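Residue-level structure breakdown
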Amino acid sequence: LMFNATHVPVGPDQAQHLEMARDIASKFNHTYKNTFSLPEALIQDTVSVPGLDGRKMSKSYNNIIPFLCTEKVLQKSIAKIVTNSLEPGEVKDANNCNLFKLYSLFASTDQVASMQEAYADGIGWGDAKKDLFTVINEEINPIREKFFDLEKKPDLLNDLFSDGAKKVRPQAQQLVAEVRDLVGISKIV
């Protein structure tokens, strides 16, 4: 509300927070004056990323794959993904497999088709996990390198945050002054 956003990207589980902000803005606008925009939620098609146990990946479920970690930690995490007890050589169902769902999020169309064939041919879970590690690692390696580089430069990040705050502070101060004036709150010294 502070910056009169008209559209806010949120996940489906955050939509209620935006509704609360809209309710507050609407009540204020009705009581005083149209001061706040009523932001609309931008909710992308929901893609649920499965965690180590097959449920939605979440810190609260303690089932995350730490993508911004070392290769060794990533490999160990992927090795912990829960699979069934089908042996190598037995046909596996790609449609109901969390490992395959994760693979599909990172692999190319051709790689996904190849992995589907491997499932039909009875790929072993260890090999499937190695392939998953490879596609994830290839995708996130540049991001990981940039993350580790930025992590070594905390002053850079703090400076960027400070610069951003300086840019938006006048807009926020102006809106706060307008709100104070509308509700009759004198400036606090």
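Please read these numbers as outputs of a predicted model, since none were measured by experiment.

1. Brief notes about the side chain of Arg-22
The topology assignment puts Arg-22 in helix α1 (residues 15-31). Of note is the side chain of Arg-22, whose polar atom sits 2.9 Å from the backbone oxygen of Pro-39. Among all residues touching Arg-22, those that are not within four sequence positions of it are Leu-38, Pro-39 and Glu-40.

2. Concerning the nonpolar core
Formed by 26 residues in total, the largest nonpolar core has its most connected members in Tyr-119 and Leu-132. Counting residues per element, the ones that place at least two in this core are α2 (71-79), α3 (98-106), α4 (109-120) and α5 (125-151). Counting residues per element, this core draws most heavily on α5, which supplies 7 residues. Not counting residues up to four positions away in its chain, the partners in contact with Leu-132 are Ile-78, Ile-81, Leu-99, Leu-102 and Tyr-103. Of all hydrophobic cores here, the second largest spans 5 residues; its members include Ala-25, Phe-28, Phe-36 and Val-179.

3. Quick notes on α1
Taking 1.5 Å per residue as the helical rise, α1 with its 17 residues ought to reach 24 Å, and the 24 Å between its terminal C-alpha atoms agrees with that figure. Restricting attention to buried positions, one finds in α1 the residues Ala-15, Leu-18, Ala-21, Arg-22, Ala-25, Phe-28 and Asn-29. Projected onto a plane normal to the axis of α1, the buried residues spread over an arc of 145° and lie on a single side. Those residues of α1 that are exposed and aimed more than 90 degrees away from the buried face are Met-20, Asp-23, Ile-24, Lys-27 and His-30. If you follow the buried residues of α1, they end up packed against β1 (7-9), β2 (40-42) and α6 (154-183).

4. Notes on α3
The set of residues buried in α3 consists of Asn-98, Leu-99, Phe-100, Leu-102, Tyr-103 and Phe-106. Considering only its buried residues, α3 is in contact with α4 and α5.

5. Some remarks on a nonpolar patch on the surface
The grouping of Met-2, Phe-3, Val-168 and Val-176 at the surface amounts to a nonpolar patch, some 280 Å² of accessible area in total. Tracing the backbone shows Met-2 in the segment before β1. For Met-2, a relative accessible area of 34% puts it in the partly exposed group.

What counts as what
Residues numbered from 1 in each chain as written. Predicted model: local features only at pLDDT ≥ 70, side-chain atom pairs only at ≥ 80, totals over all residues. Heavy atoms only, no water. Helix = DSSP H or I, 4+ residues; strand = E, 2+ residues; numbered from the N terminus. Polar contact = N/O pair within 3.5 Å; in protein donor to acceptor, adjacent residues only side chain to side chain. Contact = heavy atoms within 4.5 Å. Core = buried A, V, L, I, M, F, W, Y, C linked by side-chain atoms within 4.5 Å. Buried < 20%, exposed > 50% of the residue type's maximum accessible area, 1.4 Å probe, protein only. Expected span 1.5 Å × (residues − 1). Arc of directions from axis to C-beta. Patch = residues over 30% accessible without salt bridge, like charges linked within 9 Å, V, L, I, M, F, W, Y side chains within 5 Å. Areas by Shrake-Rupley, 256 points an atom, 1.4 Å probe, with all protein chains shown as cover. Salt bridge = Lys/Arg side-chain N within 4 Å of Asp/Glu carboxyl O.

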